[in-house]
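Spelled out from the first residue to the last, the chains are:
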Amino acid sequence: MASFAPHIYHGPQVTKEDLDYADLAVIDLSKACDVQGRAELALQVSEAMRTHGFLYVVNHGYTTTQTERMFDIADVPFSGVDPEEKHVYAGRMKEAGSYQGYKPRQYWHIDNGVRDQLEHYNINRDVTKRQHPEAVRPLLGEIEAFARHTHFNVLHPILRLLALGLELPEDALVNFHGFSAVGETYVRFMKYYPRSQDDEVKTNNVWLKGHTDFGTITVLYSQPVAALQILTRDGKWKWIKHIENALVINVGDALEFLSGGYYKATIHRVVQPPSDQQNCTRLGLFYFCMTDDDVKLVPFAESPVLKRWRPLGVSGEGEEPAGLAARWGKAEKRPNV
Ligand SMILES: O=C(O)CCC(=O)C(=O)O
Ligand SMILES: [Fe+2]
């Protein structure tokens, strides 16, 4: 059996460059434990998700050491598995739309004949759904615990705050995101590799094109290499700043549908890091959240907030066919921005 010698993840140094950062709200999730705290946080979350569509979460219950351990684990599918074995566990995103297994490097076209230089390894939160490379197998228990933590201690609390922001019963969105239900919510490990100067020029330094995520929310564990940018409402690209042991959470298309456009899926992209980080690989740790497969992606017509917001009607009827969540998740959606 493959062994995995634990080491503490020493990510690259935080950039010293003075970048134009987005000014995002920081949500202290430890305050969500009582009704009063949740009411206050719901106002902040709602405001953040209507303006930037992105926010930070701190005090989510994982220690820095636990997060570092997960970054160590996140690197294993890339540095601990040889190319032949990666091929065996390749995902079939384009054919089946399934986000499980490897997305190999150079899978997507970026611009002017240049292809991407990033790998994913995607694992459904039910880690037994597929087989995994030998080096990953001893880590599945920890990966599942990580999925559970993010699901119950991050996703569900945030969904409660988003539901409160619509003046809905607290569990209105939680009920659409069962951990054991049939659905696509998954863990993603991601690794970006530095590119040639020629590729940088031909793509105008874009590593991953502007897009919105297709799920309800995406949870990104903050890491030190600056490269993620969001497109603000006034049309400017702003950088996301690294905050140690924080999470960056954003709205995806499915939540935009469910809220009738009240919460906005924000376009974001990944670009070449600043000069003091340009030789670094960039490791990502994510939890991509979708509704259960049987959820109909129609707006909550009963939300008093939506009624007031759009008095002429968020009808909630006949707008999206049943099961769209499942099929939507199978579309490869990377608009050209
Ligand atoms: O690597 C990042 O920071 C963001 C990646 C991303 O937007 C995605 O995988 O959808
Ligand atoms: Fe994204």
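The name recorded for the protein chain in an unreviewed UniProt entry is Fe2OG dioxygenase domain-containing protein, from Mycena belliarum. What UniProt records for the protein chain under Sequence similarities (unreviewed entry) is the sentence "Belongs to the iron/ascorbate-dependent oxidoreductase family."

Caption draft 1: Up close: the overall build of the protein chain. Tallying secondary structure elements over the protein chain gives nine helices and 14 strands in all. In the protein chain, of all internal contacts separated by at least 6 residues, the share reaching a separation of at least 24 is 77%.

Caption draft 2: Summary view of unusual backbone geometry. For asparagine 204, which is not a glycine, the phi torsion comes out positive at approximately 60°. Relative to the elements of secondary structure, asparagine 204 occurs in the loop between α6 (197-203) and β8 (206-211). For asparagine 245, which is not a glycine, the phi torsion comes out positive at approximately 60°. Considering the arrangement of structural elements, one finds asparagine 245 in the loop between β11 (237-239) and β12 (247-251). Among the residues examined, asparagine 245 registers 16 C-beta atoms within 10 Å and is labelled partly exposed.

Caption draft 3: Molecular detail of the site of ligand 1. Around ligand 1, a shell composed of Met190, Leu208, Asp213, Leu220, Leu228, His268, Val270 and Gly284 is seen. Of the residues belonging to the shell around ligand 1, the class tally is five nonpolar, two polar and one charged.

Caption draft 4: Fine view of helix α1 (residues 35-51). Here α1 is 17 residues long and its end C-alpha atoms lie 24 Å apart, about the 24 Å a rise of 1.5 Å per residue gives. The set of residues buried in α1 consists of Leu41, Ala42, Val45, Ser46, Ala48 and Met49. Among the structural elements, β1 (26-28), β2 (54-58), α5 (140-165) and β12 are those in contact with the buried residues of α1. Taken from the residues just after α1, glycine 53 is the one with a positive phi, measuring 70°.

Caption draft 5: Representation of the sheet that holds strand β6 (residues 118-124). Taken in spatial order, the eight strands of this open sheet run β1-β2-β12-β9-β14-β7-β6-β3, and their pairing is mixed. Two strands lie at the open edges of the sheet, namely β1 and β3 (101-103), each paired on one side alone. Within the sheet, the average angular offset between the axes of one strand and its neighbour, ignoring direction, is 25°. Relative to strand β7 (residues 186-192), β6 is paired through seven bridges, and the arrangement is antiparallel. Residue pairing in the sheet places leucine 118 in a bridge with tyrosine 192 of β7.

Caption draft 6: Seen up close, the sheet that holds β8. Strand order in this open sheet of four strands is β8-β13-β10-β11, and the pairing throughout is antiparallel. The open sheet has two edge strands with one neighbour each: β8 and β11. Taken over all neighbouring pairs, the strand axes of this sheet differ in orientation by 25° on average, direction set aside. Relative to strand β13 (residues 268-271), β8 runs antiparallel, the two sharing three bridges. Bridged to histidine 211 within β13 is histidine 268.

Caption draft 7: Seen up close, the nonpolar core. Core analysis: the largest hydrophobic core is formed by 78 residues, its most contacted members being Val45, Leu55, Ile158, Leu162, Val219 and Leu247. Broken down by element, the residue count for this core peaks at eleven residues, all from α5. Leave out the neighbours within four places in its chain, and valine 219 touches Thr150, Val154, Leu155, Leu247, Ile249, Phe286, Tyr287 and Cys289.

Caption draft 8: Representation of the packing of α1 against α5 in the model. Their axes nearest at 8 Å, the elements α1 and α5 cross at an angle of 80°. One element, α1, and the other, α5, form an angle in the roughly perpendicular class. On α5, the residues touching Arg38, Ala39, Leu41, Ala42, Val45, Ser46 and Met49 of α1 are Ile158, Arg160, Leu161, Leu162, Leu164 and Gly165. The residue inventory of the contact of α1 with α5, partitioned by class, reads nine nonpolar, two polar and two charged.

Cut-offs applied
- Residues numbered from 1 in each chain as written.
- Chains lettered and ligands numbered in written order.
- Predicted model: local features only at pLDDT ≥ 70, side-chain atom pairs only at ≥ 80, totals over all residues.
- UniProt positions renumbered as here; feature names shortened; annotations may be inferred.
- Helix = DSSP H or I, 4+ residues; strand = E, 2+ residues; numbered from the N terminus.
- Contact = placed C-beta atoms within 7 Å.
- Buried ≥ 20, exposed ≤ 12 C-beta atoms within 10 Å, placed from the backbone.
- Near = placed C-beta within 6 Å.
- Nonpolar A, V, L, I, M, F, W, Y, C, P; charged D, E, K, R; others polar.
- Expected span 1.5 Å × (residues − 1).
- Pairing = 2+ DSSP bridges.
- Axes fitted to C-alpha atoms, helices over the stretch in contact; angles between N-to-C directions.
- Core = buried A, V, L, I, M, F, W, Y, C linked by C-beta atoms within 7 Å.
- Parallel < 35°, antiparallel > 145°, perpendicular 65-115°, else oblique.

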